[in-house]
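So you can see what is in the structure, the chains are spelled out below.
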Amino acid sequence: MNESRPQSMSAFWMPFTNNRDFKANPRLLVSAEGMYYKDVDGNQVLDGTAGLWCVPCGHGQPKIVGAVREMIGQLDFAPTFQMGHPAAFDLAERLMDYTGHKFGHVFYTNSGSEAVDTALKIALAYHKARGEGSRTRLIGRERGYHGVGFGGLSVGGIGPNRKSFGPLLPGVDHLPHTHDLLKNAFSRGEPDFGVELADELERLVTLHDASTIAAVIIEPVSGSTGVLVPPKGYLKRLREICDKHGILLIFDEVITGFGRLTTPFATDYFDVEPDMMTTAKGLTNGVIPMGAVFSRRFIHDAFMEAPAGIELFHGYTYSGHPVACAAALATLEVFKEQQILDHAKAIQPYWEDAVHSLKGLPHVIDLRTIGLVAGIELEPIAGKPGARAYQAFKKAFAEGILIRTTGDIIALSPPLVLEKQHIDELFGKLTGVLNNLD
Ligand code: PMP
């Protein structure tokens, strides 16, 4: 195992990274176990972000690692076009169980971005298969993040991610985001104000006519743009409007899936059922790339009832890769055997209190919590948006805690297996960091 510094770092074009700054002062991780990474200098780094929101069961779960090793030895690759392998079918059944049989089918992808683009394509093809091909309009939301494919980028609502890439998909609208610091600051769980923002969907229906609208896609809780929790009743209202107008509702649960809110998915937490749901990340505990789209039965039925032929002209070479399926099957077993969701529920109040204990520290202008997630919003340095939180991120790493920042918001999302001592360590060190920012 190579635990030493690379001889050169010039060739790797790093994703979503300030490459020049990073390479002058790199942070290099060499191993991981449980709640901790180890960096190249041998320092322990407490994982406050479950990697990139993707390691709910903690690092190095022996069952998952073992399942991956075994499958690589047995079946290193198998196509899933016009053939298959047992693990892909077994996993699909287990996923139906895990999601309480709200859905009838699952389509495999390799990432969250692919899951989003797949769901959008299924929505368009579904309407077409039923003879409603005029429904082509897609609706996303400001401050939504749906990955980096052209579909996800188009429905996504993050200016800097979009601005270099041309006009993107035509026929896309955005609902307003629901973040309101004046009315909802320092909320726990769903904030009180803002349900009426869902009615903006009615406005878009009036403008364009329902017969042109295919689907609405939203993250139940926006993660990457700073933990934006939906106002009370907002998701239900969106569901009602979609039902009224025959519009498909897609929940992007790439972050909120697999226990982040202490329930299997956010749909369970909010008791609102989407027509399709995208996920990735925690599906394999981050061990092997994999994403998925869940769809309700009537969507699949529409393709089955269409004239014979290949039903959906879509798929990836690695859809349902055997090693990814093995990792996902083992992850579901770990969730069950180690009662990960029960643990997450039990520790959540302690987590929430620890987050809100930061109130009153310098520059902290909002704290938001739901499940095992937190958003800590800092006052920006005048004329330098994002600089204060970036400074916090770098200082935190030097202190041995991994946090994630987006703009001037710190987003925390630890592995769900954390214990009180980890919460104490995380917030003890973070308090020190926040007390020492410019
Ligand atoms: N959707 C959401 C809600 C996400 O948070 C992410 C990634 N953070 C994606 C899609 C894209 O996933 P990936 O990076 O695996 O393509």
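Residues numbered from 1 in each chain as written. Predicted model: local features only at pLDDT ≥ 70, side-chain atom pairs only at ≥ 80, totals over all residues.

A. Structural view of the overall build of the chain. Secondary structure summary: the chain contains 16 helices and 15 strands in total. The C-alpha atoms of the chain give 22 Å as radius of gyration, which agrees with the globular expectation for 438 residues (22 Å, within 12%). In terms of overall dimensions, the chain has C-alpha extents of about 65 × 55 × 45 Å along its principal axes. (Helix = DSSP H or I, 4+ residues; strand = E, 2+ residues; numbered from the N terminus. Rg over C-alpha atoms; globule rule 2.2 N^0.38 Å.)

B. Focus on the sheet that holds strand 10 (residues 291–295). Ordered in space as 4-10-9-8-7-5-6, the 7 strands form an open sheet in which the pairing is mixed. If you trace the sheet from one side to the other, it starts and ends with strand 4 (105–109) and strand 6 (172–175), each paired once. Geometrically, the sheet is characterised by an average inter-axis angle of 20° between neighbouring strands, direction not taken into account. Pairing between strand 4 and strand 10: 5 bridges, direction antiparallel. Bridge pairing in strand 10 links H105 to S295. (Pairing = 2+ DSSP bridges. Axes fitted to C-alpha atoms, helices over the stretch in contact; angles between N-to-C directions.)

C. Molecular detail of the domain arrangement of the chain. In terms of domain boundaries, the chain breaks down into domain 1 (19–57 + 338–434) and domain 2 (64–337). For domain 1 versus domain 2, the separation of C-alpha centres amounts to 26 Å. Of the residues lining the interface, 32 residues belong to domain 1; the matching set on domain 2 comes to 29 residues. Counting residues per element, the ones that place at least two in the side of domain 1 that touches domain 2 are helix 2 (50–53), helix 14 (340–356), strand 11 (364–370), strand 12 (373–378) and strand 15 (409–412). Its residues assigned to classes, the side of domain 1 that touches domain 2 comprises 17 nonpolar, 9 polar and 6 charged. (Domains from an automatic or database assignment. Contact = placed C-beta atoms within 7 Å. Nonpolar A, V, L, I, M, F, W, Y, C, P; charged D, E, K, R; others polar.)

D. Quick peek at the sheet that holds strand 11. The 4 strands are arranged 11-12-15-14 in an open sheet whose pairing can be described as antiparallel. Of all strands in the sheet, those with a lone pairing partner are strand 11 and strand 14 (404–406), marking the two edges. Looking at each pair of strands side by side, their axes are set apart by 20° on average, direction ignored. Direction of pairing for strand 12 relative to strand 15: antiparallel, over a ladder of 4 bridges. By the bridge assignment, I376 is partnered in strand 15 with I410. Those strands touched by helix 15 (residues 387–399) are strand 12, strand 14 and strand 15, and its axis lies near 170° from that of strand 14.

E. The arrangement of the site of the ligand in detail. Taken together, the neighbourhood of the ligand is formed by 14 residues, with S111, G112, S113, G147 and V254 sitting nearest. Take the shell around the ligand: its biggest share by element is 3 residues, from helix 5 (residues 112–129). Of the residues belonging to the shell around the ligand, the class tally is 5 nonpolar, 7 polar and 2 charged. (Near = placed C-beta within 6 Å.)

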